Amino acid sequence: MSPPIRQESRFPVPGGERLRTRIKFCGFTRSQDIEGAARLGADAIGLVCVPGSKRELSAAQAADLRASVPAFMATVLLLSNADEKRARATIEMVMPDFVQFHGQESASFCASFGRPYFKAVAMRTADDVRQAARLHPEAAALILDSHAEGGLGGTGQTFDWSRIPQDSGKPFLLAGGLTAANVGEAVRMVVPYAVDVSSGIETSPGYKNFEKMKAFVEAVRLADAEMQR
Ligand SMILES: O=C(O)c1ccccc1NCC(=O)[C@H](O)[C@H](O)COP(=O)(O)O
């Protein structure tokens, strides 16, 4: 197994590395599922406003769901190659804590909405990560995912985690095909700032399963505990 890929976190923990892997659950369509994610201690939920997604929400639907997100849980709005007018209208309606840009958006476009943002990286090579970090200096984090460039996320497919460089240049969320069965290995091997999952906690697209979410959280917490020993 490759050595752990350690990364400098943007939020260093005094006296050492970060002690807990953050968790983003993505692709919600029901408020009761968001409530379940909050009960389990997920750090963030993702709302997908991307045409063609099996989890697509209208801006109004996303705004309604955002209203059900409790305190101390972040809301991430997902957009992909939306034009400026549609992006601005959706962001102003949903008022997310973060915007996740999943297409070929420029740094100036992403930063123009005045909200912290994540930039998704279609993971082919280590240079994809380094280039994204260079092109998006203001991004709060990168999301390293298995989708094809310009393609939809939420694929349920992993990518080769050994492609992730040790010098990622920014904190990143690891995404793509994660499940309760493989996320422990991913955390131990990659040591991401956060993990991001959609398909692996569903019974069908957009319908999250509490027991799958619970098992996923437990697997992440176990991996974190093992790394602290
Ligand atoms: O989830 C979607 O349907 C989606 C559609 C279009 C753009 C992005 C999308 N999701 C992005 C995410 O952040 C997912 O959580 C990520 O791709 C991981 O998905 P999965 O492999 O299903 O766990």
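In the annotation of an unreviewed UniProt entry, the protein is listed under the name N-(5'-phosphoribosyl)anthranilate isomerase and assigned to Panacagrimonas perspica. Recorded in UniProt for the protein, the comment headed Pathway (unreviewed entry) runs: "Amino-acid biosynthesis; L-tryptophan biosynthesis; L-tryptophan from chorismate: step 3/5." Comment text from UniProt for the protein, heading Catalytic activity (unreviewed entry), reads "N-(5-phospho-beta-D-ribosyl)anthranilate = 1-(2-carboxyphenylamino)-1-deoxy-D-ribulose 5-phosphate".

**Student:** Any chance you could explain unusual backbone geometry here in plain terms?
**Tutor:** Most peptide bonds are trans, and most residues other than glycine sit at a negative phi. With a phi close to 50°, Met95 is a non-glycine residue in the positive phi region. Along the polypeptide, Met95 turns up in the loop between helix H3 (84–94) and strand S4 (98–101). Accessibility expressed as a relative area gives 42% for Met95, which makes it partly exposed. Although it is not a glycine, Val191 sits at a positive phi angle of roughly 50°. As for its position among the elements, Val191 is in the loop between helix H6 (183–190) and strand S8 (194–197).

**Student:** I keep staring at the pairing of strand S7 (residues 172–175) and nothing clicks. Help me out?
**Tutor:** Every regular strand shows the same layout, with side chains that alternate between the two sheet faces. In S7, alternate side chains face the same way, and those of Phe172 and Leu174 on one face and Leu173 and Ala175 on the other are all buried. Note that strand S6 (residues 141–145) and S7 share 3 bridges and pair parallel. If you follow Leu142 over to S7, its bridge partner there is Phe172. Sheet topology note: the S7/S8 ladder contains 3 bridges and is parallel. Within the sheet, the bridge partner assigned to Leu173 lies in S8 and is Ala194. Viewed along the sheet, the connection from S7 through H6 into S8 turns out right-handed.

**Student:** Any chance you could explain the site of the ligand here in plain terms?
**Tutor:** Ser53, Asp145, Gly177, Asp196 and Ser199 are the nearest of the 21 residues found near the ligand. A distance of 2.9 Å is found between an oxygen atom of the ligand and a backbone nitrogen or oxygen belonging to Gly156. Between Ser199 and the ligand, the recorded distance is 2.4 Å, taken from a side-chain N or O atom to an oxygen atom. Placement of the ligand is best described as lying within the largest pocket. Looking at the shell around the ligand, the elements that each hand over two or more residues are strand S1 (22–26) and S8. Across the shell around the ligand, the residue classes tally to 6 nonpolar, 11 polar and 4 charged.

**Student:** Can you help me understand the layout of surface pockets in this one?
**Tutor:** One way to see where empty space is left: roll a probe the size of a water molecule over the atoms. Of the pockets and cavities examined, the largest pocket occupies roughly 350 Å³. What lines the largest pocket is a set of 28 residues, and nearest its centre among them are Arg55, Gly153, Gly154, Thr155 and Ser198. For the lining of the largest pocket, the residue count by class is 8 nonpolar, 15 polar and 5 charged.

**Student:** Where do I start with the environment of Thr158 in this structure?
**Tutor:** Tracing the backbone through its elements, the reader meets Thr158 in the loop between S6 and S7. Each C-alpha atom, one on Thr158 and one on Gly177, is 4.4 Å from the other, the two residues being 19 residues apart in sequence. Dropping the residues within four chain positions of it, Thr158 is found in contact with Ser146, Gly176, Gly177 and Asn182.

**Student:** Help me understand the sheet that holds S7, please; the structure alone is not making it clear to me.
**Tutor:** Here we have 8 strands rolled up into a closed barrel, ordered S1-S2-S3-S4-S5-S6-S7-S8, and parallel in their pairing. The mean angle between the axes of side-by-side strands here comes to 25°, regardless of whether they run parallel or antiparallel. Of the strands in this sheet, S1 and S8 are in contact with helix H7 (residues 210–228), which crosses S1 at around 160°.

**Student:** How should H7 be read in this particular structure?
**Tutor:** Since the α-helix turns once every 3.6 residues, residues separated by three or four places project in the same direction. Between its first and last C-alpha, H7 extends 27 Å over 19 residues, near the 27 Å set by a 1.5 Å rise per residue. Burial in H7 covers these residues: Met213, Phe216, Val217, Ala219, Val220, Ala223 and Asp224. Looking down the long axis of H7, one finds its buried residues gathered within 155° of arc, a one-sided arrangement. Lining the buried residues of H7 we find S1, helix H1 (31–39), H6, S8 and strand S10 (207–208). At the N-terminal boundary of H7, the capping side chain belongs to Asn209, with an oxygen 3.1 Å from the backbone nitrogen of Glu211.

About the thresholds
- Residues numbered from 1 in each chain as written.
- Predicted model: local features only at pLDDT ≥ 70, side-chain atom pairs only at ≥ 80, totals over all residues.
- Heavy atoms only, no water.
- UniProt positions renumbered as here; feature names shortened; annotations may be inferred.
- Helix = DSSP H or I, 4+ residues; strand = E, 2+ residues; numbered from the N terminus.
- Buried < 20%, exposed > 50% of the residue type's maximum accessible area, 1.4 Å probe, protein only.
- Pairing = 2+ DSSP bridges.
- Right-handed = clockwise from strand over helix to strand, strands pointing away.
- Near = heavy atom within 4 Å.
- Polar contact = N/O pair within 3.5 Å; in protein donor to acceptor, adjacent residues only side chain to side chain.
- 1 Å grid on protein atoms, 1.4 Å probe; cavity = no way out; pocket = protein on both sides within 12 Å on 5 of 7 lines; lining within 4 Å.
- Sits in = over half its atoms within 2 Å of the grid points.
- Nonpolar A, V, L, I, M, F, W, Y, C, P; charged D, E, K, R; others polar.
- Points joined across faces, edges and corners; volume = space filled by probe spheres on them.
- Contact = heavy atoms within 4.5 Å.
- Axes fitted to C-alpha atoms, helices over the stretch in contact; angles between N-to-C directions.
- Expected span 1.5 Å × (residues − 1).
- Arc of directions from axis to C-beta.

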